[in-house]
Amino acid sequence: METPTATHTHHVLDRLLNPVRDVLTPEVARAIADLRADAATQERLDDLAERHHEGRLSPDELAEYQALVGGVNLIAVLQAKARSVLKTRPSA
């Protein structure tokens, strides 16, 4: 269940990103839907996440972790928008 803050954030991102969705070609949408973090970034994220859950992050590491999580969430929303494009316009 989403918190009120998460729901608000979701709606804000929808308002910001719906215009992006509307201009995506199927090729670009496919590329966005297939995006994955590179190995080094994923490894760093995994390390920070583990240490965050253990309460062992410095203030700088916490800021880095929060930035990474925010970026991952933004990309996830973009990917959802891209997948919606692919459902309605599967190929050019």
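Every value quoted in this text rests on a predicted model; they were computed, and no experiment measured them.

> Help me understand the layout of surface pockets, please; the structure alone is not making it clear to me.
Where empty space is left becomes clear once a probe the size of a water molecule has been rolled over the atoms. Put simply, the largest pocket is a space of about 290 Å³. Around the largest pocket sit 13 residues that line it, and Leu35, Arg36, Ala37, Val72 and Ile75 are the ones nearest its centre. Counting residues per element, the ones that place at least two in the lining of the largest pocket are helix H3 (39-53) and helix H4 (59-88). The leading source of residues in the lining of the largest pocket is H4, at seven residues.

> Honestly, the nonpolar core in this entry has me stumped. Any pointers?
Within soluble globular proteins, side chains that are nonpolar tend to cluster in buried spots. If you look at the biggest cluster of nonpolar residues, it comprises seven residues: Leu24, Ala29, Ile32, Ala33, Ala82, Val85 and Leu86. Those elements giving two or more residues to this core turn out to be helix H2 (26-33) and H4. Not counting the four nearest positions on each side in its chain, Ala33 is found in contact with Gln79, Ala82, Arg83 and Leu86. Core analysis: the second largest hydrophobic core is formed by five residues, Leu45, Leu48, Ala49 and Tyr65 among them.

> Where do I start with the pattern of salt bridges in this structure?
Tallied over the full model, the rule gives seven salt bridges. For Glu64, the salt bridge is made with Arg44, and the minimal N-O distance between the two is 2.7 Å. You can see Glu64 sitting in helix H4 and its partner Arg44 sitting in helix H3, a full 20 residues away along the chain. Glu61 serves as the salt-bridge partner of Arg51, at 2.8 Å between the closest nitrogen and oxygen. You can see Arg51 sitting in helix H3 and its partner Glu61 sitting in helix H4, a full ten residues away along the chain.

> It is not clear to me how the packing of H3 against H4 should be interpreted in this structure. Could you clarify?
Helix packing for two helices is described by the angle between their axes and how far apart those axes are. It is at 10 Å that the axes of H3 and H4 come closest, and there the two elements cross at 120 degrees. Taken together, H3 and H4 sit at an angle that is classed as oblique. As for the relative orientation of H3 and H4, their crossing is left-handed in sense. Facing Thr41, Arg44, Leu45, Leu48, Ala49, Arg51, His52 and His53 of H3, the residues of H4 in contact are Glu61, Leu62, Glu64, Tyr65, Leu68, Val69 and Val72.

> Explain the packing of helix H1 (residues 4-23) against H4 here, please?
Closest axis-to-axis distance for the H1/H4 pair is 10 Å, and the angle between their directions is 45 degrees. Compared by their axis directions, H1 and H4 come out oblique. Between H1 and H4 lies a crossing whose hand is right-handed. For the pair formed by H1 and H4, the contact residues are Leu13, Asp14, Leu17, Asn18, Val20 and Arg21 on the first element and Leu74, Val77, Leu78, Lys81, Ser84 and Val85 on the second. Residue composition of the contact of H1 with H4, grouped by class: seven nonpolar, two polar and three charged.

Conventions we followed
Residues numbered from 1 in each chain as written. Predicted model: local features only at pLDDT ≥ 70, side-chain atom pairs only at ≥ 80, totals over all residues. Heavy atoms only, no water. 1 Å grid on protein atoms, 1.4 Å probe; cavity = no way out; pocket = protein on both sides within 12 Å on 5 of 7 lines; lining within 4 Å. Points joined across faces, edges and corners; volume = space filled by probe spheres on them. Helix = DSSP H or I, 4+ residues; strand = E, 2+ residues; numbered from the N terminus. Core = buried A, V, L, I, M, F, W, Y, C linked by side-chain atoms within 4.5 Å. Buried < 20%, exposed > 50% of the residue type's maximum accessible area, 1.4 Å probe, protein only. Contact = heavy atoms within 4.5 Å. Salt bridge = Lys/Arg side-chain N within 4 Å of Asp/Glu carboxyl O. Axes fitted to C-alpha atoms, helices over the stretch in contact; angles between N-to-C directions. Parallel < 35°, antiparallel > 145°, perpendicular 65-115°, else oblique. Left-handed = near helix turned anticlockwise from the far one by under 90°. Nonpolar A, V, L, I, M, F, W, Y, C, P; charged D, E, K, R; others polar.

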